[in-house]
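Here is what each chain is made of, one letter per residue.
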Amino acid sequence: MARVLIFIDNPGPALKKPSLELLTIARSLGEPAVAFNGELKDDVAAALAAYGAQAVYRPSAADLDDYLVGPKASYLAAAVQMSGATIVLIENSTEGKETAARLGIKLGAGVITDVVAVDPDGTAHKSVLAGSYTTTAKATTPVSVLTVKSNSVTPEPAVTGTAPEAVTVEVPETATASSAKITERSEKPASGRPDLADARIVVAGGRGVDGNFGPVEDLADALGAAIGASRAATDAGWIGHDAQVGQTGKTVSPQLYISAGISGAIQQKSGMQTAKVIVAVNKDAESPVFEIADFGIVGDLFKVLPQATEEIKKRRD
Ligand SMILES: Cc1cc2nc3c(=O)[nH]c(=O)nc-3n(C[C@H](O)[C@H](O)[C@H](O)COP(=O)(O)OP(=O)(O)OC[C@H]3O[C@@H](n4cnc5c(N)ncnc54)[C@H](O)[C@@H]3O)c2cc1C
């Protein structure tokens, strides 16, 4: 049975949904093992066991986080060799993709990014050209490295939990010798809102907000939603780039996506078209966003959003 290694990097107090998805996919491919980095908290260890991890590898060096991704790739390469894994699954984040690329070079392994599904034989499916085509690819090398987009599967614990074996991986001293070191960190202020990538509800604003995300934020807070944005809005500096939804931003698959002042360009659609229910607010009835919306409101977002917020608050209180 193939051994599948999942990289989990600093999850904090609880495993995030994308990691649970990787564990779920790994079980469909073979025997899951985890290459873990960071402090292993009790809840995280319990989740790894519940999701069927057979082994948990941890690096001998505790300072991998003081560097950019180079040393993490060296650690993963050593973990792959120790575990005999033939498939490595990594999150499809920017850092995940860079780690995968470096790991691919170290192992001479084929790397496939932006994966949305994996067959039991390791064939990867990708959604390309802004979601208009699906392609399949399979690495022909002994080890394949796949970065998988979040919201690709529904996380499911294993039928029978495990007691994973704990293994220490010797990270070669040379791993950090010529790597870029992080000299300072500043904490991102907590918004108190859910994570965009796995939020159940997303309220997103585009160029139509004209620099004022206030009504979008008020509606999001009334609904307990995360805030998303089009690239036009993030490029304008009205909101951080981590809020961008779309081809070059995050892919979201919430139960409800409210799009306000966004035209619905193909690059935006590719990041949100799998939302269960899409509500679009746009003052232009011809806007392409209405082609994929389940409910459309032709109107000024500065009038529609505050009314919706008020009504939701009234019903909630
Ligand atoms: C390689 C590449 C990658 C890209 N990646 C992404 C991506 O990841 N995500 C992304 O979003 N875009 C991406 N883009 C950009 C994309 O093509 C569009 O330019 C962008 O999505 C447009 O953003 P928008 O809809 O907010 O702005 P616009 O297209 O300018 O639309 C603004 C909309 O707001 C409406 N509006 C204006 N005022 C109001 C009001 N008061 N009330 C209600 N409606 C109002 C208008 O009718 C209009 O439909 C990418 C482009 C390229 C080339």
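Computed from a predicted model, the values in this text were never measured in an experiment.

Draft legend 1. Seen up close, the side chain of S270. Along the chain, S270 turns up in the loop between α8 (266-269) and β13 (277-282). Within the structure, S270 has its side chain in polar contact with the backbone oxygen of Q267 (distance 3.2 Å).

Draft legend 2. Region of the structure containing the pattern of salt bridges. Within the structure shown, the criterion is met by 13 salt bridges. D65 is the partner of K72 in a salt bridge, and the nearest nitrogen-oxygen pair spans 3.8 Å. The salt bridge partner of E311 is R315, with a shortest N-O separation of 3.0 Å. On the criterion of helical spacing, the pair formed by E311 and R315 is a turn pair, its members being 4 residues apart in helix α10 (residues 301-316). One salt-bridge network, in which partners are shared between bridges, spans D9, D65, K72 and E95.

Draft legend 3. Structural context of the domain arrangement of the protein chain. Under the domain assignment used here, the protein chain contains domain 1 (3-177) and domain 2 (196-316). Once you take the C-alpha centre of each, domain 1 and domain 2 turn out to be 32 Å apart. Opposite the 7 residues of domain 1 that make contact, domain 2 presents 9 residues. Between domain 1 and domain 2 lies a buried interface of about 630 Å² when both sides are counted; carbon and sulfur atoms form 51% of it. For the interface between domain 1 and domain 2, the tally reads 0 salt bridges.

Draft legend 4. Layout of the side chain of N282. Among the secondary structure elements, N282 is positioned in strand β13. A distance of 3.1 Å separates the side chain of N282 from the backbone oxygen of I262, its partner in a polar contact. Polar contacts involving the side chain of N282 include one to the main-chain amide nitrogen of D284, which spans 2.9 Å. When neighbours within four sequence positions are excluded, N282 is seen to be in contact with G261, I262, S263, S287, V289, F290, I297, V298 and G299.

Draft legend 5. Representation of the nonpolar core within the structure. With 26 residues, the main nonpolar core has L48 and L89 as its most contacted residues. Not counting the four nearest positions on each side in its chain, L89 is found in contact with V4, L5, I6, F7, L22, I25, A26, L29, L146 and V148. Membership of the second largest hydrophobic core comes to 25 residues, among which are A55, V80, A85 and V171.

Draft legend 6. The pairing of strand β12 (residues 256-260), seen in detail. For β12, a buried count of 4 out of 5 residues is recorded, marking the element as mostly surrounded by other parts of the structure. The sheet contact formed by β12 and β13 spans 5 bridges and is parallel. Along β13, the bridge assignment pairs Y257 with I278.

Rules behind the numbers
Residues numbered from 1 in each chain as written. Predicted model: local features only at pLDDT ≥ 70, side-chain atom pairs only at ≥ 80, totals over all residues. Heavy atoms only, no water. Helix = DSSP H or I, 4+ residues; strand = E, 2+ residues; numbered from the N terminus. Polar contact = N/O pair within 3.5 Å; in protein donor to acceptor, adjacent residues only side chain to side chain. Salt bridge = Lys/Arg side-chain N within 4 Å of Asp/Glu carboxyl O. Domains from an automatic or database assignment. Contact = heavy atoms within 4.5 Å. Buried area = accessible area lost by both parts, 1.4 Å probe. Core = buried A, V, L, I, M, F, W, Y, C linked by side-chain atoms within 4.5 Å. Buried < 20%, exposed > 50% of the residue type's maximum accessible area, 1.4 Å probe, protein only. Pairing = 2+ DSSP bridges.

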